[in-house]
Amino acid sequence: MADGNRHRRLDALLTPRTAAVLTVECQRGVVGPGGALPELAAAVRASGALDATARLVAAAHAAGATVVHAVAERRCDGRGSSRNARIFRAAERLPVLQVAGTPAVEVAEEIPVGAGDFVVRRLHGLSPVAGTGLDAVLRNLGVRTVVVTGVSANVAVPNAVFDVVNLGYEAVVPADAIAGVPQSYTADMLRHTLALVATVTTADEVIGSWERSGPGPGDSGQGH
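Not measured: the values here are computed from a predicted model. Throughout, a residue's number is its position along its own chain's written sequence, starting from 1. Two thresholds apply to this predicted model, a pLDDT of at least 70 for residue-level local features and 80 or more for giving and counting side-chain atom pairs, whereas whole-chain, interface and lining totals are computed over all residues. As a convention, hydrogens and water are excluded, and side-chain values are obtained from all of the structure's heavy atoms.

Draft legend 1. View of the side chain of T201. Inspection of the secondary structure assignment puts T201 in strand β7 (residues 199-201). Relative accessibility decides the category of a residue: with a 1.4 Å probe and only protein chains considered, values under 20% of the type maximum give buried, values over 50% give exposed, and everything between is partly exposed. With relative accessibility at 3%, the residue T201 sits in the buried group. In protein, a polar contact means a hydrogen-donor-capable atom and an acceptor-capable atom, both N or O and within 3.5 Å, with residues adjacent in sequence counting only if both atoms are side-chain atoms; elsewhere, any N or O pair within 3.5 Å suffices. One polar contact links T201 to R6, side chain to side chain, over a distance of 3.5 Å. Any two residues whose heavy atoms approach within 4.5 Å at even a single point are treated as in contact. If near-sequence neighbours (up to four positions away) are discounted, T201 is found in contact with R6, L10, V172, V173, P174, A175 and V206. Runs of H or I in DSSP of at least four residues are treated as helices and runs of E of at least two as strands, each being numbered from the N terminus.

In structure tokens form, the structure reads like this:
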């Protein structure tokens, strides 16, 4: 009975026409080989989080849910980027810069990008939601639940979760589809922080909910 109740709650939250998957900084210059943050790239691959995110995106396409890829980038001259925290200043010294128009800011090749997906790019700040225009896009699409995936559990993922909750959306976090460093911190952050404001689940449970809902209308990857 408990599993049945959980499935019903997830199904209600994850109705495809009102749900969106948000991939956070799953870009080549962050999670790809030779990226700026090799420890994080290793963690997202070793944990299986990148694969889980890819499976979630594919399932969202099949079910007819919205998919948004959030990319962090900077101008080649750095203008407009934030410098008011140590993390921003450290990023300027990394061997790989997330410069607009370069391969570093392309979505990682493991993640299937549909023609109807949205790519939201930001030049400043820590969140893929605040100040990016994403809220208006989701509201125009009738989205009520945001499934947050990607990196990092240290900074951008919790920012995204807090922001969508503050904006009135339901947040769902598949624990196996996010990663940070060290990975033990990811588990603690999920248990002691994100579980207080979001529905923490797994990629398989989200995919199972969409499979129970049946296929989406037409080829969902081609447009919303």
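Draft legend 2. Layout of the nonpolar core. The definition of a nonpolar core used throughout is a set of buried Ala, Val, Leu, Ile, Met, Phe, Trp, Tyr and Cys residues joined through side-chain atoms within 4.5 Å. Counting residues in each nonpolar core, the largest one holds 33 residues, and the members touching the most others are L14, V31, V44, L56, I111, V151 and W210. Of all the secondary structure elements, the ones that give two or more residues to this core are α1 (2-13), β1 (19-24), α2 (28-31), α3 (38-46), α4 (49-63), β4 (145-151) and α9 (203-213). When residues no more than four places from it in sequence are discounted, the contact partners of L56 are V21, T149, P174, A177, A203, V206, I207 and W210. Formed by 26 residues, the second largest nonpolar core is a distinct cluster that contains V120, V143, V164 and M189.

Draft legend 3. Inspection of the side chain of T132 at higher detail. Secondary-structure assignment places T132 in the loop between β3 (118-122) and α6 (134-140). Among the polar contacts listed, one links the side chain of T132 to the backbone nitrogen of L134, at a separation of 3.3 Å. Non-local contacts of T132, meaning those with residues more than four positions away in its chain, are made with V120, R122 and S127.

Draft legend 4. Highlighting the pairing of strand β2 (residues 66-72). Within β2, 7 of the 7 residues are buried, which leaves it mostly tucked inside the rest of the structure. Residue alternation in β2 divides its side chains into two sets, T66, V68, A70 and A72 and V67, H69 and V71, and both sets are buried. Only strands that DSSP links by at least two bridges are regarded as paired with each other. Strand direction decides the pairing type here: β1 and β2, joined by 5 bridges, are parallel. For L22, the partnering residue across the bridge sits in β2 and is V68. Both β2 and β3 contribute to a ladder of 5 bridges, which runs parallel.

Draft legend 5. Region of interest: a nonpolar patch on the surface. Residues form patches when they are more than 30% accessible in relative terms and have no salt bridge. Like charges link within 9 Å. Nonpolar side chains (Val, Leu, Ile, Met, Phe, Trp, Tyr) link within 5 Å. All accessible areas in this document rest on Shrake-Rupley with a 1.4 Å probe, and a residue is counted as covered only by the protein chains that are shown. Salt bridge, as applied in this entry: a Lys or Arg side-chain nitrogen positioned within 4 Å of an Asp or Glu carboxyl oxygen. Together, F162, L196 and V197 line one region of the surface with nonpolar side chains, adding up to about 280 Å² of accessible area. Secondary-structure assignment places V197 in the loop between α8 (183-192) and β7.

Just geometry here; none of it tells us what the structure is for.
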